[in-house]
Each structure stands twice: as structure tokens, then as C-alpha cells.
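Observations on the three-dimensional arrangement
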Amino acid sequence: MALRINGTRLKEARLFNHLTMSSLADQVGVSKQAISKYEHNKIEISSNVFQKLVQVLNFPLYFFTDVEKVPYQDDGTFYRSRLTATQSEKQPSKTYKKAAAYLRDYFENYIDFPTLDTNIELDGSPENAANELRELWQLDDRPINDIVDLMERHGLIIVNVDFNSNKVDARSGYVEIGEKQYYIVLVNAENTNFFREQFTLAHELGHYAMHAKLYHPQEDLLGQDYRNIENEANKFASAFLMPKDSFTADLTRDGFINLDTFIDLKSKWNVSIAAMVHRAHDLELIDDREYVKLQKQISYRGWRTKEIMDDEKIMSEPKALNQAFELLEEHQVVHPKDLNDKLREMYGIVFPNEILSQILGIDLDKFRSSIVRLKTSEIKK
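Throughout, a residue's number is its position along its own chain's written sequence, starting from 1. Per-residue local features are limited, in this predicted model, to residues with pLDDT of at least 70; the limit for side-chain atom pairs, both in listing and counting, is 80 or more; totals at the level of whole chains, interfaces and linings are taken over all residues. Each side-chain value is worked out from all heavy atoms of the structure, with water and hydrogens disregarded.

1. Focus on the overall build of the protein chain
Numbered from the N terminus, helices here are DSSP runs of H or I no shorter than four residues, and strands are runs of E no shorter than two. What the protein chain contains, in helices and strands, is 19 helices and seven strands. For the exposure calls, accessible area comes from a 1.4 Å probe over protein chains only, and a residue counts as buried if that area is under 20% of its type's maximum, exposed if over 50%, partly exposed in between. A total of 381 residues make up the protein chain; the buried ones form 50% of that total. Contacts in the protein chain between residues at least 24 apart in sequence constitute 75% of all its contacts with a sequence separation of at least 6. Taken as a whole, the protein chain presents about 19,200 Å² of accessible surface, with 47% of it coming from carbon and sulfur. Every residue pair with non-hydrogen atoms within 4.5 Å of one another is taken to be in contact. Here the open area of atoms and residues is found with the Shrake-Rupley method and a 1.4 Å probe, where only the protein chains shown may cover a residue.

2. Comments concerning the packing of aromatic side chains
Any two of the Phe, Tyr and Trp rings considered here, Trp counted by its six-membered ring, make a pair once their centres fall within 6.5 Å; the pair's planes then place it as stacked at under 30 degrees, edge-to-face at over 60, or tilted in between. What the rule picks out here adds up to 20 aromatic pairs. Note on Tyr174 and Tyr183: the rings are 4.9 Å apart at their centroids and 85° apart in plane angle, and the pair reads as edge-to-face. Accessibility assignment for this pair places Tyr174 and Tyr183 in one class, buried. For the ring pair Tyr174 and Tyr208, a centre distance of 6.4 Å and an interplane angle of 50° mean the geometry is tilted. In this pair, Tyr174 is assigned in strand β6 (residues 168–177) and Tyr208 in helix α10 (residues 194–211), connecting sequence segments 34 residues apart. Cluster of aromatic residues (ring-pair linked, three or more members): Phe16, Phe50, Phe59, Phe63, Phe64, Tyr72, Tyr96, Tyr102, Tyr347 and Phe351. Charge over a ring is defined by NZ of Lys or CZ of Arg lying within 6 Å of the ring centre and within 35 degrees of the ring normal. The ring of Trp303 is capped by Arg301, whose NZ or CZ atom sits 5.8 Å from the centre of that ring. It is Arg344 that lies over the ring of Tyr62; its NZ or CZ is 3.4 Å from the centre.

3. Side note on the pairing of strand β7 (residues 180–188)
Burial analysis of β7 places seven of its nine residues in the buried class, which makes it a mostly covered element. What makes two strands pair is DSSP finding at least two bridges between them. Note: strand β5 (residues 157–161) against β7, five bridges, orientation parallel. Bridge pairing in β7 places Val159 opposite Leu186.

4. Digging into unusual backbone geometry
With a phi angle near 60°, Glu284 is a residue other than glycine that sits in the positive phi range. Mapped onto the fold, Glu284 is located in the loop between α14 (273–282) and α15 (288–300). Phi is positive for Met309, close to 75°, though the residue is something other than glycine. As for its placement among the helices and strands, Met309 is situated in the loop between α15 and α16 (320–330).

5. Thoughts on the packing of helix α12 (residues 244–251) against helix α13 (residues 259–269)
At a closest axis distance of 10 Å, the pairing of α12 and α13 adopts a crossing angle of 140°. As far as their axial angle goes, α13 and α12 are oblique. Considering how the two elements wind past one another, α12 and α13 form a crossing that is right-handed. Where α12 approaches α13, its residues Ser246, Phe247, Asp250 and Leu251 are matched on the opposing element by Thr261, Phe262, Leu265, Lys268 and Trp269. Inter-axis angles, ranging from 0 to 180 degrees, are taken between N-to-C directions of lines fitted to C-alpha atoms, where helices are fitted over the stretch in contact. Reported orientations rely on four angle classes, namely roughly parallel under 35 degrees, roughly antiparallel over 145, roughly perpendicular from 65 to 115, and oblique for the rest. When the near helix sits turned anticlockwise from the far one by under a right angle, the crossing is termed left-handed; a clockwise turn instead gives a right-handed crossing.

6. So, α16
Among all positions in α16, only Leu321, Asn322, Ala324, Phe325 and Leu328 are buried. All buried residues of α16 project into a common sector of 165° when viewed along the axis, lining one side. At its buried positions, α16 is contacted by α7 (92–107), β5, α17 (339–347) and α18 (353–360). In the segment just after α16, Gln332 is the residue with positive phi, at about 60°. Starting at the helix axis, one direction is taken to each C-beta atom, and the arc is that of these directions.

7. As for the nonpolar core
Buried Ala, Val, Leu, Ile, Met, Phe, Trp, Tyr and Cys residues that are joined via side-chain atoms within 4.5 Å together make up what is termed a nonpolar core. Judged by nonpolar contacts, the single largest core of 57 residues is most densely connected at Leu53, Phe64, Phe107, Leu339 and Ile359. Looking at this core, the element that brings in the most residues is α7, giving eight residues. Aside from chain neighbours lying at most four places away, what touches Ile359 is Tyr96, Ala99, Ala100, Leu103, Val159 and Leu321. Residues Leu116, Leu122, Val148 and Leu259 belong to the second largest nonpolar core, which totals 55 residues.

8. Here's the deal with empty space enclosed by the protein
Using a grid of 1 Å spacing that covers the protein atoms alone, one calls a set of points a cavity when a 1.4 Å probe fits there but cannot get out, and a pocket when the set is open and has protein on both sides within 12 Å along at least five of seven lines; lining residues are those with an atom within 4 Å of a point. Grid points are joined across faces, edges and corners, and a volume is the space filled by probe spheres set on the points. Under the definition given, this model contains one cavity of 30 Å³ or more. Its volume calculated, the largest cavity comes out at about 30 Å³. Forming the walls of the largest cavity are Arg104, Phe113, Glu152, Leu156, Ile157, Ile158, Ala320 and Leu321. Looking at the lining of the largest cavity, its residues break down into six nonpolar, no polar and two charged. We call Asp, Glu, Lys and Arg charged. Ala, Val, Leu, Ile, Met, Phe, Trp, Tyr, Cys and Pro are nonpolar, and the rest, Gly among them, are polar.

9. Examining the side chain of Thr95
Checked against the element boundaries, Thr95 lands in helix α7. Of the residues examined, Thr95 reaches a relative accessible area of 1% and is grouped as buried. Beyond its immediate stretch of four places on either side in the chain, Thr95 contacts Glu12, Phe16, Phe59, Phe351 and Ile355.

10. A closer look at the pairing of β5
The element β5 is extensively covered by neighbouring structure, given that five of its five residues are classed as buried. The two faces of β5 match: Ile157, Val159 and Val161 on one face and Ile158 and Asn160 on the other face are all buried.

11. Looking at the packing of helix α1 (residues 7–16) against helix α3 (residues 32–39)
Orientation of α1 relative to α3, taken along the N-to-C sense of each, is 125°, at an axis distance of 7 Å. If you check the angle between α1 and α3, you find them oblique. Between α1 and α3, the contacting residues are Gly7, Thr8, Leu10, Lys11 and Arg14 on the first element and Ile35, Tyr38 and Glu39 on the second. Its residues assigned to classes, the contact of α1 with α3 shows three nonpolar, two polar and three charged.

12. Focus on the environment of Phe194
By the secondary structure assignment, Phe194 is in helix α10. Through-space distance from the C-alpha of Phe194 to that of Ser316 is 6.7 Å; in sequence the pair is 122 residues apart. Those residues in contact with Phe194 that lie beyond four places of it in its chain are Asn145, Asn270, Lys313, Ile314, Met315 and Ser316.

Dropping the structure here:
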């Protein structure tokens, strides 16, 4: 028996698993040319080969056979990554973004979420853009205590996922489902701490505020263009987290600035010592000589990878999608094991439970069907 599968979905699952056509072909027992033809919908596939594909790629069967019932579009992704990060390491973000967007869109049938401003487009320097967004969000010039909570309260979707890569800190971008737009921010949960996460998310917030409406698709940005927008996002993050006047007042209160000054302020401003030193240099509160001296002291203490006090604050966890799901489960609207059935019925798509559990922040075991049940009649006696 032969059948025709959704070639686009096959390619997506292959890339999600970091497999080339050749490596997938070897595991399934067909030629590279056959995989290419499956992905381009040029030939049908035997049931035996199809079963092997499902097993190797570990995606649900219906992922490969269904088509979207509601139009979906990925408007591109900004990557906060090292330049050595490969496309293979970046690729899974598209699937995570898609799954997060479908879950959010489904939940909106029952849940009131904060509204996202999809028309925001702040012009000018990163410093001015950061100040303008603070005014829009009525933040004054106080420190940001929890940027995850702040961004979720303004409609951005934050998701912690394991990218299996230490070269990508975060990625973000718009997606569209039907006529709705969502801005998804994916954070590498295995490669950060609270203070680093604050800056990473402020960096992605800069892309949302300054770049998301200007560059489409963002993956086309290479070389110097890529470096320019990354630099702008870093400057935005620095200005957003450390407003010029209030940060300057704190830093210069004792009349002199040394490494202890930054250590004392770390828990107040909720950013790394390295980020504060860089901000102080940008604001010309320290000169080049002092900046180099401080950088040497940071290196000497081994704080490039882990600073003093990094373990004193627990990393913030996204709450919106998790809370939405728990509300629906509590009111018996949906159970984890039925979630893919709901997504398939409404959108014509399903996802591996491992992906759904990461996005929702719930235990994978909840997706497994129970073998036994309580005798409720006995419990009531």
C-alpha cells in the first residue's frame, strides 16, 4: 500500500531532528533521492517506509498526513546567537514557534490574554526607543524586577525550550494564524541564569520594538546588516534595563566607581556586572582606561561565564500558557492526552508531546493515558 504524505511537514521534522537527507535516508533504508521526492510531493511512499520515518523522526503520524486548516505564516526569526551557530542549530525554532502559536490561538477560544500591540514601531536610536517604550508601558525609571512577567503582561509569548545548543541564547519573531499575529520569544532554558535572562529578553524586546516591522524575512540579514541590528538590540536592552538618569545617580552616589560599586548594584538593577560596566562606559561614566581595568578584574575572577551572586536569584519561568492550560484542565475543557486531538480538529496539525510539554511547562507524564482510575464511589464513603 502506498500513500502520499505532506512533504513540507517531512522536511520540517527532518530539520527539527538535525538530519540531512542522506542521514535520514540511511536510517530509513531508502535513497537520498527518494527523501527529496517525498519532501517535494513527487512520489508516494510505502507504508513500511512511512512507519520507519515516523519512528526515526519521532513525530505523530498525523503530522505527516494532514494539512493546515487555518493559514499559518512564519514572518521570520531574530536569533541572539554566536556567529558560529549553524542553520541546523537554529532550525528547530520554527517548529517551536509554530506549536506555541497554535496553542495560544487555541487557548484564546476560552482564555482572555493580555493584548499585544502589533503596530509598535519605535524609530530613532536604541536609547530613545527604550525610553519611549518605558513611557508607553508606564515604567518610570525604576529597575525591571522580572522582565518575563513584564513582557507576558504586554502580550508577548515567552517560551523556555531546550535547543540542545549552547550557541543560541534566544530567538523571536512574528507568526500569523489566520488574521491573528503573535510575537513569540523562545529562550534557551539550559544556557542562562536570572541576570543573563533579563538582558537576553530585553534584547528580544528590542527586536520586537524596533526591527520586527522593518525586516521581513529577517533570515535574509547577513554579515554587517545582521551585526547592526544585533548591536542595536543590545543597546536597546542596556538602555531599557538601566535608564540613564536613575542608573547614573546610583553609580555615582559615592563619588567614585570601582568593581565593588557594580557588585553592590547587581541585585538592585537585576543585570550582570558585565552589562553594568558596559553601560557605564557607554554613558561615559568611566573612561577607556577604567573600562579596560574593570574588564581585566572580571576576567581575573573568572566571571566571564559565571559571576558572583548569579545563584542568588531563581530564573523566571513563563506563566501565561501554563496558567491558561491549567485553567482549561481544571474546568475539564481539555486534558493533556487530548490536546493534540483538539489541535488536529481545529487546525489540521499535531506535535510531539515532548514539544507541547516544554512549551506549556508541564510534566511529560501528564500526556500519557492513565491505566487505572480511582473508584470515586468508594472515596465518597
